[in-house]
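Observations on the three-dimensional arrangement
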Amino acid sequence: MTNAETFNRRDVQELDAAADRAARAIPPVWPLASSVAVNPFLGQTHESLAIVGARLERVAGVSVVMRRDWYQERIASGVITDNDLSDALASSPSALRPANLAGLKSAARVSKPEIRAAPTIADLAAEASGIDWPGLISERFGAWVAGYFDEGQALWAAPRGQGAYAAWRAVATHDLTPEIVGLSGFATHVAEAPESAREALGSVVQRIALPADAQETYFHQMLMTLGGWAQFARYRLWQAELAGGADATITDFLAIRLIWEAALFNRYEDRIGVAWKAVIAMHTSPVAPTADHVVDAILQEASERATQRALAETLAAPGTLATDHRPALQAAFCIDVRSEVFRRALESVNPDIQTLGFAGFFGLTASHRRFASDVRELRLPVLLNAGLTTCSGGPEDAAADQSARFKARAKRAWDRFKLAAVSSFAFVEATGPVYASKLVSDALGLHATAPPNDPAPRLDPALDPATRTKAAATVLRAMSLTTNFARLVLLAGHGANVVNNPHASGLHCGACGGYSGEVNARLLATLLNDPEVRSGLAPEGIEIPADTLFLGALHDTTTDAVTLYAGDHCSAPHQSDIRQAKLWLEAAGAISRGERALRLPRASGEGSLESRSRDWAEVRPEWALAGCTAFIAAPRRRTAGKTLEGRAFLHDYDWKMDRDFGVLELILTAPVVVASWISLQYYGSTVAPTVFGGGNKLLHNVTGGIGVVEGNGGVMRTGLPWQSVHDGERYVHEPLRLSVCIEAPREAMTEILKRHQGVRALFDNRWLHFFALDENGRMAWRYAGDLRWIAMSGAPDPAVPLKVAV
């Protein structure tokens, strides 16, 4: 009986399941044009940190925590106290934990041995032959896949219409590089491989004798060796499933990588056969943490408890009293941690200014078409599907639209001419001097990039009044803004203004899909200024005064300048209000820049930040969300006047106004999850920069228009560049899992966790910490997992009745 005959239906089902689990263990990565933060542990949130440490050590050779000396320094300095260590030790459920505090502190002083992944067949072949087969696979795969995924960067596009597996085989059968290096017969091996990726998986598994118990972690490792390319394939699967479809690209990649393994196994079996059997045994054994992994998890927990202790002290300080007089100005910002600094500065300029925090897409899930463009931009959280279609400008802008399109086409044609195979050489010689002034201007940063200023966005098609009114009411209630409106209410999205930065979209609004947030802010302002909408809101109990004007705005997080889109809604009676608001915003910007300049290397004061944004050699124009540690959903009076150092996501929320806790459920299932992705991306890029970090900005080259590589090829790098978490001398981001603090009844939050298992897993497995604030805004109860709450004093939480406003 042949091997093919013994590979029965059950084997195929197990193989498919293992391949699917391995694919879902890979985090997706979005293209550079709309990059958003992604949790690199997205496929492991159902497991604890210690177990994930064991898993990623096996498949990627990385740790999921910092080096022991990092924790030891914090213990020695007193940042982490004995109480923090004792509490973390007591909270560990593992039987492998140290017996006592002394044992834990002793373990913290012992350096761990060097971590190594289980070897692949390519690793074993490299050791046997002295040829860098893993490097060659990375280089050849990267050369092909950059063209396959190309989104307009290449002048000569690769053929389209084939799946990844078929497209790769068409190229690999003519690639002589592997044979020149020493893998004779590789092209023939590829040509004789099965026609489908699924059959290829089965064929390779039989050839290398990989048992079912070993397949999941070995397949996971195969995809990890492909780096960002596998993550982009996972993004394609994510997008397809979000739209109700499917995508096989990542499975194709797995088959491609395994074909390389089989070819190397055929070449070196006699020299690596025994070692390969040992590797199979490693992958067959269940993933289980060692005592070292458990100690690492406890030390990480202790570090987080130290930060939580400091946060609790800040929140326990007396806050501001609620007032019922009309604010001089209301300004709603994104919950992004960078807004915390600006909001605090703005409130300090005039105590009668009220600021609010809300998700930066302002509740409008827009698929937007910019002015003079047919490209649809999804300006919404990547967890959601678009619910609105919008565009910038209307029929009155038709002539300007056509003119802009002609200019854009001419520019594209000129750019293609400059880079064409023949003309590029003569072009430099003939026109080089013409570009001298531009080169000097750009090098000196003489000209700033103007903020986005498309014509006012509009719904296309328009919605009926009832639908618009319902949307407005939903957003206002989610903002806890239903009464006491100011004469002028600003809705400020945010974006960054930088040059020569492939990761620029990562500095924009994550809630807006990696785009700047002015479109959503301007759309909401138009909606709330609509007389029909206001009339419809009154029966809902939301009465907006006739003299209230909403304006969209854009907060530039790099320079702390705020652009008001006053031209969208011209109002003569509000001109003095707008002028005064601009003065307040300018003053707040200066204060905010001064605070941020203290953290930025080589910043010479608040006046230097604007020039940094124009410097094409500046690798740290801003720190973005580095340092984020907390998410707080509570009335602003709980945090107003308290310095949170730009480390907290601040979401306004008053549970007493929340009917049926619908807003609370929305917060826990959307903004909290998005914030966790941001926090854990920073965490992963810090603790495991070789796998989950973006590498060195100085070596980056854009590839395929979707990502970056270091040098001229190889693995695509994802995550945050090293310069985003480190200032050259020290870490600027402490790798801490986010502490979520919400002022709401615990019973209500528990009920929501029961309904959303994915969110519950984040808290139960401590990828997020969860705290309930009491009626004074203090961190009073800690979520202990399994739907249990523990009073911060350590006593079990007594039942508390719910009191909900109707």
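Keep in mind the model is a prediction, meaning the values are calculated, not measured. (Residues numbered from 1 in each chain as written. Predicted model: local features only at pLDDT ≥ 70, side-chain atom pairs only at ≥ 80, totals over all residues. Heavy atoms only, no water.)

1. What about the overall build of the chain?
- The number of helices and strands found in the chain is 30 helices and 19 strands.
- In terms of overall dimensions, the chain has a C-alpha envelope of 85 × 75 × 50 Å along the principal axes.
- Expressed as a percentage of its 806 residues, the buried residues of the chain come to 54%.
- Summed over all atoms, the accessible surface of the chain reaches about 34200 Å², with 56% contributed by carbon and sulfur. (Helix = DSSP H or I, 4+ residues; strand = E, 2+ residues; numbered from the N terminus. Buried < 20%, exposed > 50% of the residue type's maximum accessible area, 1.4 Å probe, protein only. Areas by Shrake-Rupley, 256 points an atom, 1.4 Å probe, with all protein chains shown as cover.)

2. Let's talk about the layout of surface pockets
- Estimated volume of the largest pocket: approximately 1200 Å³.
- Along the wall of the largest pocket there are 50 residues; nearest its centre are Arg-370, His-508, Gly-514, Tyr-515 and Ser-516.
- Going through the elements one at a time, helix 14 (228–242), strand 4 (376–379), strand 8 (549–556), strand 9 (562–564) and helix 25 (609–613) are the ones with two or more residues in the lining of the largest pocket.
- Considering every element that reaches the lining of the largest pocket, the biggest residue donor is strand 4, with four residues.
- When grouped by side-chain class, the residues that make up the lining of the largest pocket number 26 nonpolar, 15 polar and nine charged. (1 Å grid on protein atoms, 1.4 Å probe; cavity = no way out; pocket = protein on both sides within 12 Å on 5 of 7 lines; lining within 4 Å. Points joined across faces, edges and corners; volume = space filled by probe spheres on them. Nonpolar A, V, L, I, M, F, W, Y, C, P; charged D, E, K, R; others polar.)

3. Details of the sheet that holds strand 18 (residues 779–785)
- As summarised here, the arrangement of the six strands in space is 11-10-16-17-18-19, forming an open sheet in which the pairing is mixed. The sheet terminates laterally at strand 11 (648–652) and strand 19 (788–791), the two strands that pair on one side only. When strand polarity is set aside, the average angle formed by the axes of neighbouring strands in this sheet is 25°.
- With four bridges joining them, strand 18 and strand 19 adopt antiparallel strand pairing. Of the residues in strand 19, the one forming a bridge with Tyr-783 is Trp-789. (Pairing = 2+ DSSP bridges. Axes fitted to C-alpha atoms, helices over the stretch in contact; angles between N-to-C directions.)

4. A few points about the sheet that holds strand 9
- Taken in spatial order, the five strands of this open sheet run 2-1-7-8-9, and their pairing is mixed. Two strands close off the open sheet at either side, each with one partner strand: strand 2 (353–358) and strand 9. Taken over all neighbouring pairs, the strand axes of this sheet differ in orientation by 25° on average, direction set aside.
- Where strand 1 (residues 329–334) and strand 7 (residues 488–495) come together, four bridges link them in parallel fashion. Bridge pairing in strand 7 links Ala-331 to Leu-490.
- Where helix 22 (residues 518–529) meets the sheet, its contacts fall on strand 7 and strand 8, and the angle it forms with strand 8 comes to roughly 170°. (Contact = heavy atoms within 4.5 Å.)

5. Quick word on helix 9 (residues 164–172)
- Buried within helix 9 we find Ala-164, Tyr-165, Ala-167, Trp-168, Arg-169 and Ala-172.
- Where helix 9 is buried, its residues meet helix 8 (133–149), helix 11 (186–191), helix 12 (197–207) and helix 15 (249–284).

6. Thoughts on the nonpolar core
- By size, the foremost hydrophobic cluster in this structure holds 196 residues, and its most contacted members are Phe-253 and Leu-491.
- Residues Ala-331, Ile-353, Leu-551 and Ala-588 belong to the second largest nonpolar core, which totals 19 residues. (Core = buried A, V, L, I, M, F, W, Y, C linked by side-chain atoms within 4.5 Å.)

7. Here we look at the side chain of Gln-723
- Relative to the assigned elements, Gln-723 resides in the loop between strand 15 (720–721) and strand 16 (739–742).
- Within polar-contact distance, the side chain of Gln-723 engages the backbone nitrogen of Lys-697 at 3.2 Å.
- Setting aside its immediate chain neighbours within four residues, Gln-723 contacts Val-619, Arg-620, Trp-623, Gly-695, Asn-696, Lys-697 and Leu-698. (Polar contact = N/O pair within 3.5 Å; in protein donor to acceptor, adjacent residues only side chain to side chain.)

8. Section: empty space enclosed by the protein
- Under the criterion given, the structure shown has six cavities of 30 Å³ or more.
- Volume-wise, the largest cavity comes out at about 720 Å³.
- Taken together, 49 residues form the lining of the largest cavity, with Val-36, Ala-37, Gly-506, Gln-681 and Leu-720 sitting closest to its centre.
- Elements with a contribution of two residues or more to the lining of the largest cavity: helix 27 (671–687), strand 14 (707–710) and strand 15.

9. Focus: the confidence of the model for the chain
- Residue-level pLDDT values for the chain average 94, and 97% of them are 70 or greater.
- Across residues 1–5, where pLDDT falls below 50, the model places three contacts with residues more than four positions away in sequence or in other chains.
- When the criterion is pLDDT under 50, residues 798–806 qualifies, and its contacts beyond four places in sequence or with other chains add up to 17 contacts. (pLDDT = per-residue confidence, 0-100.)

10. Some points on the side chain of Asp-150
- Assignment of secondary structure puts Asp-150 in the loop between helix 8 and helix 9.
- Although Asp-150 is buried, it forms no salt bridge, and the closest oppositely charged side chain is Arg-160 at an N-O distance of 4.7 Å.
- Separated by 3.0 Å, the side chain of Asp-150 and the backbone nitrogen of Ala-154 make a polar contact.
- Beyond its immediate stretch of four places on either side in the chain, Asp-150 contacts Arg-160 and Gly-704. (Lys, Arg positive; Asp, Glu negative; His and termini not counted. Salt bridge = Lys/Arg side-chain N within 4 Å of Asp/Glu carboxyl O.)

11. Overview of the environment of Met-716
- Position of Met-716 relative to the elements: it lies in the loop between strand 14 and strand 15.
- Between the C-alpha atom of Met-716 and that of Val-702, which follows or precedes it by 14 residues, the distance is 9.3 Å.
- Discounting residues that sit within four places of it in the chain, Met-716 has contacts with Val-29, Gly-227, Gly-228, Trp-229, Phe-232, Thr-703, Ile-706, Gly-707, Val-708 and Val-709.

12. A word on the packing of helix 4 (residues 68–77) against helix 16 (residues 291–316)
- Packing of helix 4 against helix 16 leaves a shortest axis separation of 11 Å and a crossing angle of 40°. Taken together, helix 4 and helix 16 sit at an angle that is classed as oblique. In terms of crossing hand, the pair formed by helix 4 and helix 16 is left-handed. Of helix 16, the residues touching helix 4 (which contributes Arg-68, Trp-70, Tyr-71, Arg-74 and Ile-75) are Asp-292, Val-295, Asp-296, Leu-299, Gln-300, Ser-303 and Thr-307. (Parallel < 35°, antiparallel > 145°, perpendicular 65-115°, else oblique. Left-handed = near helix turned anticlockwise from the far one by under 90°.)

13. Notes on helix 15
- A rise of 1.5 Å per residue sets the reference length of helix 15, with its 36 residues, at 52 Å; its end C-alpha atoms lie only 26 Å apart and thus fall more than 12% short of the reference.
- The sharpest bend along helix 15 reaches about 105° and sits at Glu-269. (Expected span 1.5 Å × (residues − 1). Bend = angle between axes of the 7 residues up to and from the residue.)

14. A few points about the environment of Phe-232
- Tracing the sequence through the fold places Phe-232 in helix 14.
- For Phe-232, a relative accessible area of 2% translates into the label buried.
- The sequence separation of Phe-232 and Gly-541 amounts to 309 residues, and the corresponding C-alpha distance is 47 Å.
- Excluding residues that lie within four positions of it along the chain, Phe-232 makes contacts with Val-29, Pro-31, Phe-149, Glu-151, Ile-706 and Met-716.

15. Remarks on the pairing of strand 2
- Across the six residues of strand 2, five count as buried, placing the element largely inside the fold.
- Judged from the six bridges that link them, strand 1 and strand 2 form a sheet pairing that is parallel. Bridged to Phe-333 within strand 2 is Gly-357.

16. A few points about the pairing of strand 19
- Only one face of strand 19 is covered, namely the one carrying Trp-789 and Ala-791; the face carrying Arg-788 and Ile-790 has none of its residues buried.
- Counted along the chain from strand 18 to the antiparallel partner strand 19, the turn is two residues long, and its residue Asp-786 has a positive phi close to 55°.

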